[in-house]
Amino acid sequence: MKHHAPSVALLIALALATSVRAQQPFPAGPINPPPPPRDSTGLTPLTELGTTTYKGEDGGLYGGGKNEPPATHAAAARKQSAEIVPRDADGKPAKDGKIGVLSVGMSNTTMEYSVFKRLAERDPEMSSRVVLVDGAQGGKTAMVWARPEAPVWQEVEARLQRAVITAKQVQVVWLKQAEAGPGRLGEFPEHAQVLEKHLVGILNLLHQKFPNLRIAYLSSRIYAGLATTPLNPEPYAYESAFAVRWVIRDQADGKPELNCDPARGEVKSPLVLWGPYLWADGVRPRKGDGLVWTKQDLSPRDGTHPAMPDGARKVAKLLLNFFKMDPYSKRWFTVASPVAPGSK
């Protein structure tokens, strides 16, 4: 099916209207035009920033220049990963059960996940017990998903039904979100703090709706230096990664609203980890994997959405490789998915 980027005006209007209805405590400033399109920005990927700082924030996906979770968070991830097993419709472990993997996010997310789904379902290494469901929806930004009454949640239920999977079988989420027109929310860190707040709200709702959800993998935006609209240009796309990092850091630090350990009180959230980090500085190859974002990878409509299918395929391949290689996902994502003791 051919995908089209949604109307930029519609996305921004929806986000503005939602913020008014929800009475969010942040300023709704003017929407300024994006900087002139450029092939690279000179910014350093978070994975390479190390202990150098960007506007007071050091580098590393998990802070302190580190791209791996701290020991206590890694231990929690191993514990949660061990609980991800095939489950029947009632959520009980079962050899012939399913492991639901749901995407949640906006237009970029659904474009990328739909291609990932096609690639993964043809990959002989993916377990037949894994069921991929694209819950992401065009034009539905973080502030929309953070509202429990938003119709996006009913649409997710409908998509799960079509995939013949229940809420109790959903055990993993890929969450990639953004805000429309982040420049109106203030400069860094203000706009990233708004996104952070909404990410926490989404995680809380995900826990409420999916009782066996164990891990939420978060990703931030792709390169947007060629953006021609104020929808989500640079440096906002780059800076959105800090919102993800703050959420993970707060959970690791024991913030109650992100608690995933019943031994520490009421559980409010799944465990949160980084998924694939998707940003690279345009045509400048990223260290380690050589990732670049060229004009051909981005939509000619706005330079913000990935081009279909090539740009979306680039993210899809990163996501597929991540699930196959990540120490907390490969044990259930690949063919040798284990089944918990006592399963039928």
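Residues numbered from 1 in each chain as written. Predicted model: local features only at pLDDT ≥ 70, side-chain atom pairs only at ≥ 80, totals over all residues. Heavy atoms only, no water.

## Quick look at the pairing of strand 6 (residues 215-219)
Of all five residues that make up strand 6, five are buried, and the element is covered over most of its length. Here strand 6 shows a buried face lined by I215, Y217 and S219 and a second buried face lined by A216 and L218. As judged from the five bridges shared by strand 5 (residues 170-176) and strand 6, these two strands associate in the parallel manner. Residue L175 lies in a different strand from strand 6, and its bridge partner there is L218. What joins strand 5 to strand 6 is helix 6 (residues 190-209), and the crossover it makes is right-handed. Pairing between strand 6 and strand 7 (residues 271-274): four bridges, direction parallel. For A216, the partnering residue across the bridge sits in strand 7 and is V272. Following the chain from strand 6 across helix 7 (residues 236-252) to the adjacent parallel strand 7, one finds a crossover that is right-handed. (Buried < 20%, exposed > 50% of the residue type's maximum accessible area, 1.4 Å probe, protein only. Helix = DSSP H or I, 4+ residues; strand = E, 2+ residues; numbered from the N terminus. Pairing = 2+ DSSP bridges. Right-handed = clockwise from strand over helix to strand, strands pointing away.)

## Details of empty space enclosed by the protein
Gaps between atoms show up when a probe of the same size as a water molecule is rolled over them. This structure, assessed with the given rule, holds three cavities of 30 Å³ or more. By volume, the largest cavity amounts to about 100 Å³. Taken together, 13 residues form the lining of the largest cavity, with M106, N108, A178, L231 and N232 sitting closest to its centre. When grouped by side-chain class, the residues that make up the lining of the largest cavity number five nonpolar, six polar and two charged. (1 Å grid on protein atoms, 1.4 Å probe; cavity = no way out; pocket = protein on both sides within 12 Å on 5 of 7 lines; lining within 4 Å. Points joined across faces, edges and corners; volume = space filled by probe spheres on them. Nonpolar A, V, L, I, M, F, W, Y, C, P; charged D, E, K, R; others polar.)

## What to know about the confidence of the model for the protein chain
Overall, the prediction assigns the protein chain a mean pLDDT of 92, with 90% of residues at 70 or greater. This stretch, residues 1-27, has a pLDDT under 50; its non-local contacts, to residues over four places away or in other chains, come to 52 contacts. (pLDDT = per-residue confidence, 0-100. Contact = heavy atoms within 4.5 Å.)

## Remarks on the environment of V267
Secondary-structure assignment places V267 in the loop between helix 7 and strand 7. Between the alpha carbons of V267 and H207 there is a distance of 8.2 Å; along the sequence they are 60 residues apart. Residues within four places of V267 in sequence aside, it is in contact with H207, N259, C260, D261 and P262.

## Let's talk about the pattern of salt bridges
The full count for this structure, using the stated rule, is 16 salt bridges. Put simply, E155 and R159 hold a salt bridge, and the shortest N to O gap is 2.9 Å. Within this pair, E155 and its partner R159 are both found in helix 5 (residues 152-162), separated by four residues, close to a single helical turn. Assessed through its relative accessible area of 27%, E155 is described here as partly exposed. A salt bridge links R313 to D310; its shortest N-O distance comes to 3.1 Å. Linking R313 with D310, this pair stays in helix 8 (residues 310-325), spanning three residues, or about one helical turn. Each of E57, D58 and R245 takes part in salt bridges that share partners, so that together they form one network. (Salt bridge = Lys/Arg side-chain N within 4 Å of Asp/Glu carboxyl O.)

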